[in-house]
Amino acid sequence: MKAPIPAVSAIAVILGATLLGGCAGKGEVDATGGISAVRSVCPPVAIPVATGDITLFDPAGSREQSAIDVAALMTNVRSTCADATDQVVTSVTFDIRARRNRTEGARDVTLPYFITVVRGGSAVVAKRIGRVALHFDAGQALASASATASATVARSAATLPDDVREKLTRKRKAGDQDAAVDPLSTPEVRQAVLRASFEALVGFQLTDDQLKYNATR
């Protein structure tokens, strides 16, 4: 599917490298020419690279394996989308599974997570921070919890303009001047598709050091 702001720029860099060009749908050329576009105003949901797990150390400044205190993983991400109004609301639910190294006594751990709306594969246009509480019973190494977040996108922003839709779906006959030209290769069409493409992304709200640890371990 976020709080120290440096993680926002780090996530934006990751998205720019891994999700550029992603869109809420797909298209394919049909037998008579033109692109039969299958798009949805509901944004796809994903976990950005290197944000799906978090590791806490004790002492906090150590990165030795022996110093790992709690390690948690975000998994089982699923979503529902309400798109009957001018505001498209995507509800995202996910599970957190955690393990601690020292099991003496009961313990509560709270972990921060984010949900962002990303436009055009790289621009973070909205972000919210949430927290999920985990409870370890005395003597138990494992704990789990579920959390829910939501993202809202204006239907008008996620809808292609009529002129762009016409360029994408217009039938082309063999011999036409632009018959062999992919409309998505046209800069203005590609940019319009990117502007109308959104993703809802969830992950742990990591510090710069935690993000670096995930990316380089």
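Check the entry above for the structure.
It should be emphasised that the depicted structure is a prediction, and the values quoted were computed from it without experimental measurement.

Undergrad: Can you walk me through the pairing of strand 10 (residues 198–204) in this structure?
TA: Along any regular strand the residues' side chains alternate between the sheet's two faces. Where burial is concerned, most of strand 10 is hidden: 7 out of the 7 residues are buried. Both strand 3 (residues 45–46) and strand 10 contribute to a ladder of 2 bridges, which runs parallel. What sits directly across from Val45, in strand 10, is Ala200. Where strand 7 (residues 107–119) meets strand 10, 7 bridges bridge the pair, whose relative direction is antiparallel. Within strand 10, the residue paired with Thr116 across the bridge is Leu201.

Undergrad: Quick question: what am I supposed to make of the environment of Ala71 here?
TA: Its place among the elements puts Ala71 in strand 5 (residues 68–82). By relative accessible area, which is 32% here, Ala71 ends up partly exposed. It is 5.5 Å that separates the C-alpha atoms of Ala71 and Arg99, two residues lying 28 residues apart in sequence.

Undergrad: Sorry, what's going on with helix 4 (residues 208–216) here?
TA: Every α-helical turn comprises 3.6 residues, leaving residues that sit three or four positions apart pointing alike. The set of residues buried in helix 4 consists of Gln210, Leu211, Tyr213 and Asn214. Buried positions in helix 4, seen along its axis, are confined to an arc of 160° and lie on one side of it. Those residues of helix 4 that are exposed and angled more than 90 degrees off the buried face are Lys212, Ala215 and Thr216.

Undergrad: Whenever I open this one, the pattern of salt bridges confuses me. Can you help?
TA: Pairing between side chains becomes possible if they bear opposite charge and their charged atoms approach one another. The tally for this structure, following the rule as stated, stands at 5 salt bridges. The shortest N-O distance in the salt bridge between Arg102 and Asp58 comes to 2.8 Å. Of this pair, Arg102 sits in the loop between strand 6 (87–100) and strand 7 while Asp58 is found in the loop between strand 4 (53–57) and strand 5, placing the two residues 44 residues apart along the sequence. Shared partners join several salt bridges into a network, and the residues in it are Asp58, Asp69, Arg102 and Arg107.

About the criteria used
- Residues numbered from 1 in each chain as written.
- Predicted model: local features only at pLDDT ≥ 70, side-chain atom pairs only at ≥ 80, totals over all residues.
- Heavy atoms only, no water.
- Buried < 20%, exposed > 50% of the residue type's maximum accessible area, 1.4 Å probe, protein only.
- Helix = DSSP H or I, 4+ residues; strand = E, 2+ residues; numbered from the N terminus.
- Pairing = 2+ DSSP bridges.
- Arc of directions from axis to C-beta.
- Salt bridge = Lys/Arg side-chain N within 4 Å of Asp/Glu carboxyl O.

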